[in-house]
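Structural overview
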Amino acid sequence: MASSIVPVSPLHRPSSFNFARDVVDHWAHKDPSQNALYWADQSLSSTKQLTYAHFARQSHRIATLLASLGIKQGETCIVILPRVPEWWELATACLRSGVVLCPCTTLLVAKDIEYRLQISHAAAFVGDEASVAKCLSVASKCPQLRTVIQVQASNNNVSPSSRDQRVTDFHTALASIPEDVKCPVPSTLTSTSPALTFFTSGTTGPPKMVLHSQISYPLAHALTGIHWLQLSPSKTYWNLSEQGWAKAAWSWFSSWNCGATLFVHEDRLPFSPRRTLKVLHDFPITTLCAPPTVYRQLVLDENREFFATEQGRPRALTHCCGAGEPLNESVIRVWKEMTNGIEIYDAYGQTETIVVCANQATNPVKPGSMGKPIPDVPLTIVDSGGNVTKDGKEGDIAIEVAGKDKQESSFFGIFEGYIDKATGKIDSKVKTFQNGKRYYITGDRASRDKDGYFWFVGRNDDVINSAGYRIGPFEVESTLKQHPSVIESAVVASPDDQRDEVVKAFVVLTDSASARMNDDSSRDKLVRELQEFCKEHAAPYKYPRKIEFVDAKFLPKTISGKIRRGELKALERKRYQDGKGA
Ligand code: ATP
Ligand code: MG
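Description of the structure in this document. (Residues numbered from 1 in each chain as written. Chains lettered and ligands numbered in written order. Predicted model: local features only at pLDDT ≥ 70, side-chain atom pairs only at ≥ 80, totals over all residues. Heavy atoms only, no water.)

**Considering the overall build of the protein chain**
Heads up, the condition is: For the purposes of this entry, the term helix denotes a DSSP run of H or I that reaches at least four residues, the term strand denotes a run of E that reaches at least two, and both are numbered from the N terminus. It is over C-alpha atoms that the radius of gyration is taken, and the globule rule equals 2.2 Å times the number of residues to the power 0.38. Classification of residues uses two cut-offs on accessible area relative to the type maximum, computed with a 1.4 Å probe and protein chains only: under 20% is buried, over 50% is exposed, and between them is partly exposed. Throughout, a contact is declared for two residues whenever any of their heavy atoms are within 4.5 Å.
Helix and strand content of the protein chain: 17 helices and 28 strands. Computed over C-alpha atoms, the radius of gyration of the protein chain comes to 24 Å, within 12% of the 25 Å expected from 2.2 N^0.38 for 582 residues, which places it in the range of a compact globule. Projected onto its principal axes, the C-alpha positions of the protein chain cover 75 × 55 × 50 Å. With 582 residues in all, the protein chain has 59% of them scored as buried. In the protein chain, the proportion of contacts linking residues at least 24 apart, taken out of those at least 6 apart, comes to 67%.

Below you can see the structure in the form of structure tokens.
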């Protein structure tokens, strides 16, 4: 039962909840030696094991510091730091004091930071040397920004004198705050008070600012930890996402609600499959969450061979998870073979929600499916009239939202709304249908099979309408991925006079297949082979009528590595119009 594992039940909406007080302090008190964070530096030579008691103490001190710097409850603080323990100390302190935490990725450039400072009206910015420099270069265009704090990474020897006068040095300022100081949670903080803002990945347009309350992420993610990640105090959990992405908050809140240890590798280098396998070998990580792109690389032949060696074998891994993008069946199959039976539990969620659908221990994994709704999450699939679809019929993935009178018992693992840049108003995106039902429509399409498993079709805008058929890009991409010459593909709609749209696949080939493509006839031959392959392995009407071989760099991706299919679709439309004009 969920409520017996975690300090506060995620099944009932509490009138007051504070993650620092009710979760971090709880575990600190229960077992002062329990580790909350197991941190390793870039080279893996230096490590720190930090307890819940450490984060309880540090967050009281930092909350006191934030107050002394004039940062108030309800004001926003953007934090851009690499994976250093100070991030979790600061983040816990923000939650303790009701300061709205806005984590962003270190990959942002100055203009991205300006966009986020302006939309969020942030009063404070915390960063390392690099992100503070970017922030200062745009600060004059963000008049609401009052405080900039720099966290000096321990391995960085920049002398304090080289710092800008407008900047407070974190460690120097913190040194004057007593070790045993207490900073009480403000009495005006309720469970619906704002806690966090996140920017979405920007896959379909400019990133949207998502507002979460004190419970919508910090407490509701207990469900994520229990049902999907299967965490408990004996588990050590590693998630590869950087803290700027909502998925890192999924990990933080789910692991700490469950009293588990969060493993963090301060990796500042581009992803390397070998390094990932080394970390799994060197450290007692029991639970891994990685995006599908990472698993796709880990199962490549050269990594499989390394995996089979003594140094390549994970030390303690028992549970693997993936989310964020569709996970291809073939990857799950190969990973299971490599690991002697470890499944990858695919799950679905958004920056706007907790994990709402997942492969879970209670049901066998169906490779290629994103599993079943998390217990107590009112997740369903509806048609355009807000009616629940029949099994096998595609519709909108939706979360039912109770009417105001039912607020007390309703599911709360969902955002408060998007913050509108111009007006500052919050748009909850909840739609009331004629049948009286109220749903948050996720913008994603799926179908449900007779066993209740959800099958992702695609984002609403990505579904292809060809001669009356609706075709989801994911199934076509997954089919192509099974072909030995294909590393990756992006499938989009291409305008067509007869069929309205046809399926077009941009395909990235393996090095050896690319080397064989030296003339038109070899290219045409492989196009036909891939088309036949798709007709054999999926419903024939879904095969890509157009195939273009491209370099991996050609595929437009978000900073977090998701394919921006909308851009490829626009490219196809432009080519079509140019062709008509010619
Ligand atoms: P934006 O909203 O800015 O366009 P985004 O939707 O990619 O970007 P995120 O909130 O990071 O931003 O991603 C959530 C989306 O990722 C989901 O709406 C869905 O389209 C996709 N997604 C998440 N998990 C899965 C999954 N298991 N299978 C398929 N798609 C998934
Ligand atoms: Mg989205």
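There's more to say after this.
**Section: the environment of valine 527**
With respect to the secondary-structure elements, valine 527 resides in helix H16 (residues 520-537). Valine 527 has contacts with Ile547 and Phe549, leaving out every residue within four places of it along the chain.

**Looking at the site of ligand 1**
Test applied: To be near a molecule or strand, a residue needs just one of its heavy atoms within 4 Å of it. Polar contacts, as used here, are pairs of N or O atoms within 3.5 Å; protein pairs need one atom able to donate a hydrogen and one able to accept it. Residues neighboring in sequence count only if both atoms are side-chain atoms. The protein chains shown are the only cover counted for residues, whose accessible areas, like all others here, come from Shrake-Rupley with a 1.4 Å probe.
The environment of ligand 1 is made up of 20 residues, and the closest members are Ser201, Thr203, Thr204, Thr351 and Asp444. One nitrogen or oxygen atom from the main chain of glycine 202 is found 2.7 Å from an oxygen atom belonging to ligand 1. Within the side chain of lysine 562, an N or O atom sits 2.6 Å from an oxygen atom of ligand 1. In isolation ligand 1 offers 630 Å² of accessible surface; the protein chains occlude 94% of this area. At the level of secondary structure, the elements contributing two or more residues to the shell around ligand 1 comprise strand S14 (344-348) and strand S23 (454-459). Looking at the shell around ligand 1 element by element, the count peaks at three residues for S14.

**A few points about the side chain of arginine 296**
As for its position among the elements, arginine 296 is in helix H11 (residues 292-298). Discounting chain neighbours no more than four positions away, the residues touching arginine 296 are Pro326, Asn328, Val331, Lys481 and Glu488.

**So, the pairing of strand S4 (residues 100-103)**
Within a regular strand, the side chains alternate between the two sheet faces. The line we're drawing: With strands facing away from the observer, any crossover in which the path from the first strand over the helix to the second runs clockwise is taken as right-handed.
Of the two faces of S4, the one carrying Val100 and Cys102 and the one carrying Leu101 and Pro103 are both buried. Handedness of the crossover is the feature at issue here: the chain leaves strand S3 (residues 76-80), passes through helix H4 (residues 85-97), returns alongside S4, and the resulting connection is right-handed.

**As for the layout of surface pockets**
This is how the line gets drawn: Throughout, the protein atoms alone are placed on a 1 Å grid, and a set of points is a cavity if a 1.4 Å probe fits but cannot get out or a pocket if it is open with protein on both sides within 12 Å along at least five of seven lines; lining residues have an atom within 4 Å of a point. Grid points are joined across faces, edges and corners, and a volume is the space filled by probe spheres set on the points. Residues were grouped as follows: Ala, Val, Leu, Ile, Met, Phe, Trp, Tyr, Cys and Pro as nonpolar; Asp, Glu, Lys and Arg as charged; and all remaining residues, including Gly, as polar.
In this model, the second largest pocket occupies a volume close to 500 Å³. As for the second largest pocket, its lining consists of 23 residues, and the residues nearest its centre are Trp455, Phe456, Val457, Glu475 and Lys542. Listed by contribution, the elements that provide at least two residues to the lining of the second largest pocket are strand S22 (438-448), S23, strand S25 (469-471) and helix H14 (473-481). Of the residues forming the lining of the second largest pocket, the biggest block, four residues, is contributed by H14. Looking at the lining of the second largest pocket residue by residue, the classes come out as seven nonpolar, nine polar and seven charged.

**A word on the sheet that holds strand S15 (residues 357-358)**
The cut-off we apply is this: The pairing criterion for strands is at least two bridges between them, as found by DSSP. Every axis in this analysis is a line fitted to C-alpha atoms, fitted for helices over the stretch in contact. Angles between the N-to-C directions lie between 0 and 180 degrees.
The strand order across the open sheet built from nine strands is S2-S1-S11-S10-S12-S13-S14-S15-S16, with neighbouring strands paired in mixed fashion. The sheet is open, and its two borders are formed by strand S2 (47-51) and strand S16 (372-373), each paired with just one other strand. Inspection of the sheet shows S15 paired to S16 by two bridges, in the antiparallel sense. Residue pairing in the sheet places cysteine 357 in a bridge with proline 373 of S16. Taken strand by strand, H4 contacts strand S1 (35-40), S2 and strand S11 (261-265), and its axis lies near 150° from that of S1.

**Considerations on empty space enclosed by the protein**
Summed over all chains, the structure comprises four cavities of 30 Å³ or more. Within this model, the largest cavity holds a volume of roughly 120 Å³. Lining the largest cavity are 13 residues; nearest its centre among them are Arg296, Asn328, Glu477, Glu488 and Ser489. Only H14 and strand S26 (486-496) provide two or more residues apiece to the lining of the largest cavity. In terms of residue count, the dominant contributor to the lining of the largest cavity is S26 (four residues). For the lining of the largest cavity, a count of residues per class yields five nonpolar, two polar and six charged.

**Side note on the nonpolar core**
Rules: By nonpolar core is meant a set of buried Ala, Val, Leu, Ile, Met, Phe, Trp, Tyr and Cys residues that side-chain atoms within 4.5 Å join together.
Membership of the largest hydrophobic core comes to 98 residues, with the highest contact counts inside it found for Phe19, Trp88, Tyr217, Trp228, Trp252 and Trp256. When neighbours within four sequence positions are excluded, tryptophan 252 is seen to be in contact with Phe19, Trp87, Trp88, Ala91, Thr92, Leu95, Leu101 and Leu262. Val279, Phe283, Cys320 and Leu327 belong to the second largest nonpolar core, which has 29 residues in total.

**With respect to the packing of aromatic side chains**
Both the distance between ring centres and the angle between the ring planes are used here to describe each pair of aromatic rings. Here is the rule: Paired rings are identified among Phe, Tyr and Trp, the last through its six-membered ring, by centres lying within 6.5 Å, and are further divided according to the angle between planes into stacked (under 30 degrees), edge-to-face (over 60) and tilted (the rest).
Taken as a whole and judged by the stated rule, the model has 25 aromatic pairs. On the numbers, 5.5 Å between centres and 75° between planes, the contact of tryptophan 87 with tryptophan 252 is edge-to-face. With tryptophan 87 in helix H4 and tryptophan 252 in helix H9 (residues 246-257), this residue pair connects regions lying 165 residues apart in the sequence. Summarising the aromatic geometry, the rings of phenylalanine 198 and tyrosine 217 are spaced 6.1 Å apart at their centres and angled 50° between planes, so their arrangement reads as tilted. Separated by 19 residues along the polypeptide, phenylalanine 198 in strand S8 (residues 194-199) and tyrosine 217 in the loop between strand S9 (209-213) and helix H8 (221-228) bring together distant segments of the chain. On the basis of relative accessible area, phenylalanine 198 is assigned to the buried category, the value being 1%. Taken together through their ring pairs, the aromatic side chains of Phe19, Trp27, Tyr52, Phe55, Trp87, Trp88, Trp252, Phe253 and Trp256 make up a single cluster.

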